[in-house]
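# Overview (structure and organization)
Chain by chain, the residues run as shown.
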Amino acid sequence: TKQEAISGGEDGTVRVWCLEKGVQKFLFIQDYAGPVLSLAIYPASRIIVVGSADGYVRFWDLHSGMLLCAINTGGRGVNGVAINPSGPLGQILAAGAGGYVRVFNPP
């Protein structure tokens, strides 16, 4: 079984690591997004969910490295993202600096 971890940086990058080999597998660069504030992996579809300082939640495909979509939460930074796997599609929850919580279905 492959073990993976993700990390986000002040420079707006998201890195996917192979823990088995101790090497970086992917590097996602979020132009103009500011620092990465929160991360989660949606395991059923292999989507990385990223909350950024610019108030966007971005959905990245872990297989292709493609940005699937970016959703403006209408707030300031997205300080937390979480996966609620109940239901057929599951839900993504995003919490922000302005005290909001938004719920999204994965793309």
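Residues numbered from 1 in each chain as written. Predicted model: local features only at pLDDT ≥ 70, side-chain atom pairs only at ≥ 80, totals over all residues. Heavy atoms only, no water.

### As for the nonpolar core
Burial of nonpolar side chains together is a common tendency in soluble globular proteins. Applied cut-off: Residues belong to a common nonpolar core when they are buried Ala, Val, Leu, Ile, Met, Phe, Trp, Tyr or Cys residues joined through side-chain atoms within 4.5 Å. Exposed residues in this analysis have more than 50% of their type's maximum accessible area, buried residues have under 20%, and partly exposed residues fall in between, with area computed by a 1.4 Å probe over protein chains only. The way it works is that DSSP assigns letters per residue, a run of H or I at least four long becomes a helix, a run of E at least two long becomes a strand, and they are numbered from the N terminus. Whether two residues are in contact is decided by their heavy atoms, any of which lying within 4.5 Å being enough.
Counting 12 residues, the largest nonpolar core is built from A40, Y42, I47, V49, V57, F59, V78, V81, I92, A94, Y100 and F104. Of all the secondary structure elements, the ones that give two or more residues to this core are β4 (36-42), β5 (47-52), β6 (56-61), β8 (78-84) and β9 (91-96). In contact with V49, not counting residues within four places along its chain, are S38, L39, A40, V57, R58, F59, V81, I83 and I92.

### Describing the pairing of β6
Our working definition: Paired strands, as defined in this entry, are two strands with at least two bridges between them according to DSSP.
Counting buried positions over the 6 residues of β6 gives 5, a clear majority of the element. Relative to β6, β5 runs antiparallel, the two sharing 5 bridges. Across the sheet, the residue bridging to V49 is F59, located in β6. Between β5 and β6, which pair antiparallel and follow one another directly, the connecting turn spans 3 residues, one of which, G55, has a positive phi of 90 degrees. When β6 meets strand β7 (residues 67-72), the two strands line up antiparallel, connected through 5 bridges. If you follow V57 over to β7, its bridge partner there is I71. In sequence, β6 turns back onto β7 through a hairpin of 5 residues, with G65 there showing a positive phi of about 80 degrees.

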